[in-house]
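Given next are the chains, with one letter for each unit.
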Amino acid sequence: MNKQYLINILSTSVEKWNNWRKDNKFKFFDLSETDLSYLDLSGANLSAMKFSRANLFGADLSNTNLEYSIFNHTNLANVNLSSSILYESILCYADLSGANLEEANLSDADLSYCDLSKANLRNTIFYGANLKGAKLCQANLENSNFLFAELCNSNLSDSDLQNANFAGANLQYAKLMRTILSNADLSAVSFVRAQLGGAVFLEANLMGTDFGDIEGPVDFSYANLYDAYFVGETLFCPCFEGAN
């Protein structure tokens with residue numbers, strides 16, 4: 001279907017678009033390489049669509065249904081995606097820097113090598129998501145859910161992960177320098193070969209966590225380290241004041 005025709009409907013009103021989608025169920029629409037920057041698409045049904053290499057800079061996609069959609073190499077910088085559904089969406093190499101994804105659901109989504117730096121990810125759900133090689137530095141991840149997520153080689157340096165749930169996640173080779181993980185659930189997480197210099201695990205749950213070698217200093221004050229695993233002489237660097 002002609003891309004400009006689809007854009008014209010979207011630009012008219014979200015209500016008109018959603019009604020049109022009801023009459024065009026089970027069809028896959030492609031808006032790749034289109035310019036949708038600054039459009040107000042809040043509440044739109046954009047599920048099962050392709051936006052690869054499209055420009056959505058500054059668009060409002062809050063409360064939007066984007067499940068199963070494809071955003072490979074898409075410009076989503078400064079986009080508002082708060083409370084949106086991105087279940088099983090594909091966002092490989094997408095630029096989400098400065099985006100607002102507060103309370104969005106990205107369960108089982110593929111965000112490998114995407115840029116989420118300085119993004120608002122408070123209360124966001126990444127259950128089972130793939131964030132391998134993703135950039136999340138200086139992001140706000142308070143109360144976010146990364147249960148069983150893949151974060152190998154990701155960069156979370158200088159981010160706020162207070163009260164986040166990373167239980168069962170893979171953070172091997174990840175960068176977490178100066179990251180705040182106070183009160184976070186990091187049980188059964190693998191930090192093997194991760195860079196943790198300056199990280200703060202104050203009162204975090206680290207039960208059964210595998211740290212391997214640690215390059216300090218790291219603050220484990222008052223953390224639950226029951227059955228946590230450390231290699232060699234790495235225990236000389238961190239601070240364990242009041243830890244269990």
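Details of the structure are given in the entry above.
Below, the structure is looked at part by part. (Residues numbered from 1 in each chain as written. Predicted model: local features only at pLDDT ≥ 70, side-chain atom pairs only at ≥ 80, totals over all residues. Heavy atoms only, no water.)

1. As for the layout of surface pockets
Here is step 1 of the chain: Taken as a whole, the largest pocket encloses approximately 180 Å³ of empty space.
Here is step 2 of the chain: Taken together, Asn18, Arg21, Lys22, Lys25, Phe26, Lys27, Asn45, Ser47, Ala48, Glu67 and Tyr68 make up the lining of the largest pocket.
Here is step 3 of the chain: When the residues that make up the lining of the largest pocket are grouped by side-chain class, the tally is 3 nonpolar, 3 polar and 5 charged. (1 Å grid on protein atoms, 1.4 Å probe; cavity = no way out; pocket = protein on both sides within 12 Å on 5 of 7 lines; lining within 4 Å. Points joined across faces, edges and corners; volume = space filled by probe spheres on them. Nonpolar A, V, L, I, M, F, W, Y, C, P; charged D, E, K, R; others polar.)

2. Concerning helix H2 (residues 14-22)
Here is step 1 of the chain: Residues Val14, Trp17, Asn18, Trp20 and Arg21 constitute the buried set of H2. Along H2, the residues classed as buried sweep out an arc of 160 degrees about the axis, all on the same side. Of the exposed residues in H2, those oriented more than 90 degrees away from the buried face are Glu15 and Lys22.
Here is step 2 of the chain: Looking at the packing, one finds that the buried side of H2 touches helix H1 (3-12), strand E1 (29-30) and strand E2 (49-50). (Buried < 20%, exposed > 50% of the residue type's maximum accessible area, 1.4 Å probe, protein only. Helix = DSSP H or I, 4+ residues; strand = E, 2+ residues; numbered from the N terminus. Arc of directions from axis to C-beta. Contact = heavy atoms within 4.5 Å.)

3. Concerning the nonpolar core
Here is step 1 of the chain: Among the nonpolar cores identified, the biggest contains 70 residues, and Leu111, Leu131 and Phe201 are the most heavily contacted of them.
Here is step 2 of the chain: Among the elements that make up this core, the one with the highest residue count is H1 (4 residues). (Core = buried A, V, L, I, M, F, W, Y, C linked by side-chain atoms within 4.5 Å.)

4. Structural notes on H1
Here is step 1 of the chain: Regarding H1, the residues found buried are Leu6, Ile7, Ile9 and Leu10. Viewed along the axis of H1, the buried residues span an arc of 160 degrees, placing them on a single side of the element.
Here is step 2 of the chain: Residues of H1 that are buried make contact with H2 and E1.

5. Let's talk about the side chain of Ser69
Here is step 1 of the chain: On the secondary structure map, Ser69 appears in the loop between E2 and strand E3 (210-212).
Here is step 2 of the chain: Dropping the residues within four chain positions of it, Ser69 is found in contact with Leu46, Ser47, Ala48, Met49, Phe51, Ser89 and Ile90.

6. Some points on the packing of H1 against H2
In a pair of packed helices, the angle between the axes and the distance between the axes together describe the arrangement.
Here is step 1 of the chain: Contact geometry of H1 with H2 gives a least axis separation of 5 Å together with a crossing angle of 130 degrees. The orientation of H1 relative to H2 falls into the category oblique. For the pair formed by H1 and H2, the contact residues are Tyr5, Leu6, Ile9, Leu10 and Thr12 on the first element and Lys16, Trp17 and Trp20 on the second. (Axes fitted to C-alpha atoms, helices over the stretch in contact; angles between N-to-C directions. Parallel < 35°, antiparallel > 145°, perpendicular 65-115°, else oblique.)

7. Quick word on unusual backbone geometry
Here is step 1 of the chain: Phi at Glu88 takes a positive value of approximately 55 degrees, unusual for a residue other than glycine.
Here is step 2 of the chain: When you line up the elements, Glu88 lands in the loop between E2 and E3.
Here is step 3 of the chain: For Glu88, a relative accessible area of 35% gives the class partly exposed.
Here is step 4 of the chain: The backbone phi angle of Glu203 is positive, close to 60 degrees, even though this residue is not glycine.

8. Some details on a nonpolar patch on the surface
Here is step 1 of the chain: Taken together, the side chains of Ile125, Tyr127 and Phe148 define a hydrophobic patch exposed on the protein surface, amounting to about 270 Å² of accessible area.
Here is step 2 of the chain: Mapped onto the elements, Ile125 comes out in the loop between E2 and E3.
Here is step 3 of the chain: Exposure remark for Ile125: the relative accessible area of 31% places this residue in the partly exposed category. (Patch = residues over 30% accessible without salt bridge, like charges linked within 9 Å, V, L, I, M, F, W, Y side chains within 5 Å. Areas by Shrake-Rupley, 256 points an atom, 1.4 Å probe, with all protein chains shown as cover. Salt bridge = Lys/Arg side-chain N within 4 Å of Asp/Glu carboxyl O.)

9. Regarding the packing of aromatic side chains
Here is step 1 of the chain: Tallied over the entire structure, the rule returns 14 aromatic pairs.
Here is step 2 of the chain: Ring centres of Phe51 and Phe71 lie 5.0 Å apart, and the angle between their planes is 5 degrees; this geometry places the pair in the stacked category. Taken together, the positions of Phe51 in the loop between E2 and E3 and Phe71 in the loop between E2 and E3 put the pair 20 residues apart, joining distant regions of the chain.
Here is step 3 of the chain: For Phe51, a relative accessible area of 1% puts it in the buried group.
Here is step 4 of the chain: Taking the relative accessible area as the measure of exposure, Phe71 reaches 2% and is therefore buried.
Here is step 5 of the chain: An angle of 80 degrees between the planes, with centres 5.8 Å apart, marks the rings of Tyr68 and Tyr87 as edge-to-face. Remark: Tyr87 occurs in the loop between E2 and E3 and Tyr68 occurs in the loop between E2 and E3; sequence separation between them is 19 residues.
Here is step 6 of the chain: Judged by its relative accessible area of 43%, Tyr68 is partly exposed.
Here is step 7 of the chain: Accessibility expressed as a relative area gives 27% for Tyr87, which makes it partly exposed.
Here is step 8 of the chain: Grouped by ring-pair contacts, the aromatic residues Tyr5, Trp17, Trp20 and Phe29 constitute a single cluster. (Phe/Tyr/Trp six-rings, centres within 6.5 Å; stacked < 30°, edge-to-face > 60°.)

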